[in-house]
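Spelled out, the chains give:
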Amino acid sequence: MIIYDLIFKTLKENKIDVFSPGSHLGECTKPYVVVKQDTGARYVNYSTQMVLYDILCYAKNYTDCLNLKEKVKNIMKLTGDSVRPTYNETQAYYDDTVKAYMASVEYRNYRKVD
């Protein structure tokens with residue numbers, strides 16, 4: 001299974017509104033997350049690549065945004081060792097484009113380089 005799909009499916013199965021980048025249109029009317037695959041880099045000198053995934057959490061108010069981020073972190077534990085936290089997180093800030101607060105949490109996955 002593609003790791004992006006695993007993250008998306010795990011969040012959706014746990015009643016989180018999930019979108020891919022660019023697919024949520026308009027202002028935030030209820031909490032949701034955007035799952036984004038970030039850069040990948042070769043891990044040390046091994047035949048392994050580390051791929052990063054950002055989960056962007058959006059909510060109308062600051063507290064709901066922080067609560068959503070914590071909920072996502074707990075749900076992501078269900079992915080087991082496939083997806084591991086990097087412990088890089090952003091603080092919530094107001095995003096004028098969607099009229100909501102946004103905070104993010106980052107995860108990583110290691111995969112064999114073809």
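Residues numbered from 1 in each chain as written. Predicted model: local features only at pLDDT ≥ 70, side-chain atom pairs only at ≥ 80, totals over all residues. Heavy atoms only, no water.

(A) Local environment of helix α1 (residues 3-13). Inspection of α1 places Ile3, Tyr4, Leu6, Ile7, Thr10 and Leu11 among the buried residues, and these make up the whole buried set. In a view along the axis of α1, the buried residues occupy a sector of 165°, so they form one face of it. Lys15 occupies a position one or two residues after α1 and carries a positive phi of about 65°. (Buried < 20%, exposed > 50% of the residue type's maximum accessible area, 1.4 Å probe, protein only. Helix = DSSP H or I, 4+ residues; strand = E, 2+ residues; numbered from the N terminus. Arc of directions from axis to C-beta.)

(B) Region of the structure containing the environment of Val51. Structurally, the position occupied by Val51 is in strand β3 (residues 48-59). Val51 sits in the buried class, given a relative accessible area of 1%. Discounting residues that sit within four places of it in the chain, Val51 has contacts with Gln37, Asp38, Thr39, Gly40, Tyr107, Arg108, Asn109 and Arg111. (Contact = heavy atoms within 4.5 Å.)

(C) Structural context of the packing of aromatic side chains. Considering all chains together, one arrives at five aromatic pairs under this definition. Between Phe19 and Tyr32 the ring centres are 5.4 Å apart and the planes differ by 85°, which places this aromatic pair in the edge-to-face class. Taken together, the residues span a long stretch of sequence, with Phe19 in strand β1 (residues 18-19) and Tyr32 in strand β2 (residues 32-42) at a distance of 13 residues. The buried category is assigned to Tyr32, whose relative accessible area is 3%. Aromatic ring contacts, followed pair by pair, group Phe19, Tyr32 and Tyr58 into a single cluster. (Phe/Tyr/Trp six-rings, centres within 6.5 Å; stacked < 30°, edge-to-face > 60°.)

From the geometry alone we can't say anything about function, so treat these as descriptive.
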